[in-house]
Amino acid sequence: MIGRDTFVPRRLMASDGVRAFRHRNYRLFFTGQAISLIGTWMQQVAQAWLVLELTHDPVWLGIVAAAQFLPVMALGLFAGVAADALPKRRVLIGTQVSMMILAGVLAGLVISGRVEVWMILVLAFLLGIANAVDMPVRQAFSIELVGREDIGQAVALNSAMFNGARVIGPAAAGLAIGAFGVGPAFAINALSFLAVIIGLRMMDERELHVATRIARPGTAGAVVRNLREGLSYVRRTQIVLLAVAVVGSVATVGMNFGVLIPAFAQDELASGAAGYGFLMAASGIGSLLAAVRLVFSGRPRPIRLVTGALILGAASVALAVTREFPVALGLMVLVGFGSILMAATGNATIQLAVPDHLRGRVMSVYTTVFSASVPIGGLAMGALASSLGVATAIAVGGVLTMLVGLGAFAWGRAGAFDAAASQPEGSVLTGVAPSG
C-alpha cells in the first residue's frame, strides 16, 4: 500500500501548488506516468533517428508522424464520446497494454536487424489508433483523480511530470543510441508501460470523483448528437475556442521538433545522435521550467497563451540562424518554455471551463485538433526542409508562430480574456447552460 508520505512530504503537500498529491489515486497515476514517459521520450528520439538513418531524408519523418497521428484525427472525436460513457480507468489499462505490445514488437524488429521503414509506418499507425482512444480518456480522467477543486494544479503537475521526462528521456536516448544503437531505447519503453498499468490497477475506484456518465449511444444518430453537443460547446465558448485555435495553429507551424530537430542536429550542427538527444533534453528543461511556474502560479491566465507563442516563435527564428551548439542548447530551452507555457495554459483553461458531462467530448476536440496539427505541420515542414533546408523551415515556423500569437492577443483583447477573468473556476465561460 502506498501511503501519503511515500512520494511527497507533508509540508510540501500542504502547498497550494501540489495539493493534488493529497489524492492517493493521483499519486499512483503520477508515479506510473513519470516512469513510462521517460521510455516514451526515449522511443520518440530513437524512432526519429532510426528513420533518418534508414532514409536520409527529413520528409520521411513527417510521413511517420502523419501515420501515427492520422488515426487520432479520424477517431479522436468518437473517443470523446466513449470517454463520457465508459469507465475511464479500465479503458486506460487497455490502451496502455496495447502500446506496450507495439513497443515490444518494434524493439524486437530493431534488435533482430529486420526493421524496414514500412514496418515503422505500420506500427506508428497502430500506435495512433491506441492514442486516439487514450488521449481524450486520459485528459478527462484527471478530474476523476482529484476533483474539480484541484484540477488546475493536477493539469500543471501533469505538464511538469511530462516535461521532466522530456529532460531525462531524450538525453538518455542520445547516450544509449551512441553507445548501443537504437534497439535498447524501444525495449526500455516497452517495459516502462508496466509502471502505468500497475498504478492504474492499484487505484481505489471508490475514491474516484466519477461524474454521471452519459448513456452509451446505441445508434449512429445518437453518436452524432453527442458529437454535436461537444462541438457546439467549443464553438459557443469563446475562451475554449481561443485556446483550441491557438494551440492547434502553433502546433502546426511551430512545434515540429520531431521532424526538424534531428535534421538540424545532423546537417547544421553536425552534433550526431548524442547532440540531438541533448537538444531535445534542453527543450525539456525549458518545458519543465514553464510547467513548474504554472504549478505555483494559481489560476490559469489565458494571456499566457500569447506569451508562450511569442517566446516560442522568437526563439525558433534565432535557432534557425545559429550554428553554435551551446547557443542552440540555450535557445531550445526557450523553445520548450514557450511551447509548454502556451499548451499547458490552453489545457488548464479548457479543463476549468468545461462542465463535467461534456469533459470527454470537449477534450477530444482539443486533442484531435492538437494531433491533427502534427501530420499536417510535419508533412509541410518536412517537405519545406527537404527542398529549402531545415534552417529555413524552422525560421518560417517561428515567424508564423509569432503571427499566431499576435492574432490571439487581438482576439483575446476583443473579449475572450475578459470573459475568462470574470468567471469563477469551473463555470461555463459563455453562460451556455449545460444540456443533456
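So, here is what we can say about the structure in this document. Throughout, a residue's number is its position along its own chain's written sequence, starting from 1. This being a predicted model, a pLDDT of at least 70 is required before a residue's local features are given, and a value of 80 or more before pairs of side-chain atoms are given or counted; all residues contribute to the totals for chains, interfaces and linings. The basis for every side-chain value is the complete set of heavy atoms in the structure, and neither hydrogens nor water enter the calculation.

### Some words on the environment of phenylalanine 125
In this fold, phenylalanine 125 is placed in helix α5 (residues 117-146). You can call phenylalanine 125 partly exposed: its relative accessible area is 41%. If we skip the residues at most four places from it in the chain, phenylalanine 125 touches Ala67, Gln68 and Pro71. Numbering of helices and strands runs from the N terminus, with a helix taken as a DSSP run of H or I at least four residues long and a strand as a DSSP run of E at least two residues long. Buried means the residue's accessible area, taken with a 1.4 Å probe over protein chains only, is under 20% of the maximum for its type, while exposed means over 50%, and partly exposed covers the values in between. The criterion used for residue contact is that any of the two residues' heavy atoms lie within 4.5 Å.

### Structural notes on the pattern of salt bridges
Between Lys or Arg on one side and Asp or Glu on the other, a salt bridge is scored when a side-chain nitrogen of the former is within 4 Å of a carboxyl oxygen of the latter. According to the stated counting rule, one finds nine salt bridges in the structure shown. Linking arginine 206 and aspartate 204 is a salt bridge whose minimum nitrogen-to-oxygen distance equals 3.1 Å. For arginine 206, a relative accessible area of 76% translates into the label exposed. Overall, aspartate 204 belongs to the buried group, its relative accessible area being 17%.

### Re the nonpolar core
By nonpolar core we mean a set of buried residues, namely Ala, Val, Leu, Ile, Met, Phe, Trp, Tyr and Cys, connected to one another through side-chain atoms within 4.5 Å. Counting residues in each nonpolar core, the largest one holds 125 residues, and the members touching the most others are Tyr26, Val240, Ile261 and Met342. Here this core gets 14 residues from one element, more than from any other, and that element is helix α2 (residues 24-55).

### What to know about a nonpolar patch on the surface
Each patch is built from salt-bridge-free residues with over 30% relative accessible area, joining like charges within 9 Å and nonpolar side chains (Val, Leu, Ile, Met, Phe, Trp, Tyr) within 5 Å. In short, Shrake-Rupley with a 1.4 Å probe defines the accessible areas, and a residue's cover is counted only from the protein chains shown. On the surface, a cluster of nonpolar side chains totalling about 530 Å² of accessible area is made up of Leu75, Trp118, Val122, Phe125, Leu126 and Ile129. Along the polypeptide, leucine 126 turns up in helix α5. Take leucine 126: its relative accessible area is 38%, and that puts it in the partly exposed class.

### Some words on the packing of aromatic side chains
Side-chain rings of Phe, Tyr and Trp, where Trp is taken by its six-membered ring, are said to pair if the distance between their centres is within 6.5 Å; with planes under 30 degrees apart they count as stacked, over 60 as edge-to-face, and otherwise as tilted. What the rule picks out here adds up to eight aromatic pairs. Judged by centre distance (5.9 Å) and plane angle (20°), the rings of tryptophan 49 and tyrosine 276 are stacked. Separated by 227 residues along the polypeptide, tryptophan 49 in helix α2 and tyrosine 276 in helix α11 (residues 272-295) bring together distant segments of the chain. Each of the two residues, tryptophan 49 as well as tyrosine 276, counts as buried. Grouping aromatic residues by their ring pairs yields a cluster made of Phe21, Tyr26, Phe29, Phe30 and Phe141.

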